[in-house]
Amino acid sequence: MRVRTATVLLVAAGLLAPPSVESAAAKKLLVVTVTKGFRHDSIPTAERVLQRLGDESKAFTLDYARTDDELTAKMSPKGLAAYDGVVFASTTGDLPLPDRQAFVDWVAAGHAFVGIHAATDTYHGWAPFIEMIGGEFKTHGPQVKVALLVQDAADPSTKGMASPLDVFDEIYQFKSFEKDRVKTLVALDKHPNEGTPGFYPLAWSRSHGKGRVFYTALGHREDVLEADWFRKHLLGGTLWALGASN
Ligand SMILES: [Zn+2]
């Protein structure tokens, strides 16, 4: 009781900063940028954009796993306990996780997973990851201007987004995607390069056990990552995955 009184007096006297509500509420995100296949030049831009979103929203702080050693330490079952969510920012190939299954189980236990662009070009052939992220990169053609169509205008990741929205980027096509396993957020109604009518998903979310998964295929190019609409899209999806919005 005496300690508490002393603290109150120190705070009142301006000698001790009051506990920050913001920092107490902020979630902790681990951004993974390790690549074992193609490495995107835009990865540092993706990191900067995420850092700014965290700094400006004050909703989350960020830590990074850029090397195999950092990945091994921070994504061990023990390491993951320090985080509320993980972002795969254009990761590729078979990342040397100390325990892959423990990671997917950790997401299902109630944590956030956010995938940007080549996140679906990661762990090909490892079904638990593909099932968690909701689709697997199949191919892409030359960069092209497409008209993005919002599929759910009430979602935090698409709220306020123009539809159609013309965007020039590298546009992924997917396999192992099942429409009824995800909530599609952004799609095309024709093939990006050939124009054939069809359904081409580009961003979606899903619940994974008690966890939440948000994926956007956009963000190959630096100017896309830095675009205002993309930053809002990524922030909305990330906050939803963290359980900070519904
Ligand atoms: Zn790309």
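Computed from a predicted structure; not experimentally measured. (Residues numbered from 1 in each chain as written. Predicted model: local features only at pLDDT ≥ 70, side-chain atom pairs only at ≥ 80, totals over all residues. Heavy atoms only, no water.)

## Digging into the overall build of the protein
Assigned secondary structure in the protein consists of 9 helices and 11 strands. When contacts within the protein are restricted to residue pairs at least 6 apart in sequence, those whose partners lie at least 24 apart make up 69%. Carbon together with sulfur atoms contributes 53% to the accessible area of the protein, which is approximately 11,400 Å² in total. (Helix = DSSP H or I, 4+ residues; strand = E, 2+ residues; numbered from the N terminus. Contact = heavy atoms within 4.5 Å. Areas by Shrake-Rupley, 256 points an atom, 1.4 Å probe, with all protein chains shown as cover.)

## Structural notes on the coordination of the zinc ion
Octahedral six-donor coordination of a metal ideally yields angles of 90 or 180 degrees, compared with 109.5 degrees for tetrahedral four-donor coordination. Those donors, H40 (NE2), H117 (NE2), E170 (OE) and H220 (ND1), are the protein atoms that reach the zinc ion, and they lie 2.0 to 2.1 Å from it. Every donor residue of the zinc ion comes from the same chain, spaced as H-x76-H-x52-E-x49-H. Of this pair, H40 sits in the loop between strand 1 (27–32) and helix 3 (43–57) while H220 is found in the loop between strand 11 (211–216) and helix 8 (222–225), placing the two residues 180 residues apart along the sequence. H220 sits in the buried class, given a relative accessible area of 15%. (Donors = N, O, S within 2.8 Å, 3.2 Å for Na, K, Ca; no water. Buried < 20%, exposed > 50% of the residue type's maximum accessible area, 1.4 Å probe, protein only.)

## Thoughts on the pattern of salt bridges
A complete count under the given rule lists 12 salt bridges for this structure. Residue R66 is joined to E47 by a salt bridge in which the shortest nitrogen-to-oxygen separation is 2.9 Å. Taken as a pair, R66 in the loop between strand 2 (60–65) and helix 4 (68–74) and E47 in helix 3 lie far apart in primary sequence, 19 residues in all. When its relative accessible area of 43% is taken as the criterion, R66 is described as partly exposed. Here R100 and D94 are joined by a salt bridge, their closest N and O atoms 3.9 Å apart. (Salt bridge = Lys/Arg side-chain N within 4 Å of Asp/Glu carboxyl O.)

## Brief notes about the sheet that holds strand 6 (residues 144–150)
A sheet is described by the order of its strands in space; here 9 strands give the open sequence 2-1-3-4-11-10-9-6-7, paired in mixed fashion. A single partner strand is all that each edge strand has here, and the edge strands are strand 2 and strand 7 (165–169). Adjacent strand axes in the sheet meet at a mean angle of 25 degrees when their direction is disregarded. Direction of pairing for strand 6 relative to strand 9 (residues 183–190): antiparallel, over a ladder of 2 bridges. Bridge pairing in strand 9 links L149 to A187. (Pairing = 2+ DSSP bridges. Axes fitted to C-alpha atoms, helices over the stretch in contact; angles between N-to-C directions.)

## What about the confidence of the model for the protein?
Low pLDDT marks regions whose predicted coordinates should not be analysed in detail. Scored by pLDDT, the protein has a mean of 92; 90% of the residues are at 70 or more. Segment residues 18–23 is flagged for pLDDT under 50; beyond a separation of four residues in sequence, or across chains, it makes 2 contacts in the model. (pLDDT = per-residue confidence, 0-100.)

## Considering helix 3
With 15 residues, helix 3 should reach 21 Å at 1.5 Å per residue; the first-to-last C-alpha distance of 21 Å fits that figure. Residues of helix 3 that are buried include every one of I43, T45, A46, E47, V49, L50, L53 and G54, and no others. Where helix 3 is buried, its residues touch strand 1, strand 2, strand 3 (85–89), strand 4 (112–116), helix 8 and helix 9 (228–241). Within two residues after helix 3, K58 carries a phi angle of roughly 55 degrees, on the positive side. (Expected span 1.5 Å × (residues − 1).)

## Remarks on the nonpolar core
Among the nonpolar cores identified, the biggest contains 74 residues, and V32, M75, F88, F103, L148 and W229 are the most heavily contacted of them. A total of 6 residues in this core trace back to one element, the largest contributor, which is helix 9. Filtering out sequence-adjacent residues up to four positions away, F88 remains in contact with V32, M75, L95, F103, F113, V114, G115, I116, A119, T122, Y123 and F129. (Core = buried A, V, L, I, M, F, W, Y, C linked by side-chain atoms within 4.5 Å.)

## A closer look at unusual backbone geometry
That bond from S163 to P164 is cis: its omega, 5 degrees, falls within 30 degrees of zero. Structurally, P164 is set in the loop between strand 6 and strand 7. Its identity as a non-glycine residue notwithstanding, K58 has a phi of 55 degrees, on the positive side. Positionally, K58 belongs in the loop between helix 3 and strand 2. A relative accessible area of 45% means that K58 is categorised as partly exposed. In this structure, S176 takes a positive phi of about 55 degrees despite not being glycine. Note that S176 resides in the loop between strand 8 (172–175) and strand 9. Classification of S176 by relative accessible area gives partly exposed; the value is 39%.

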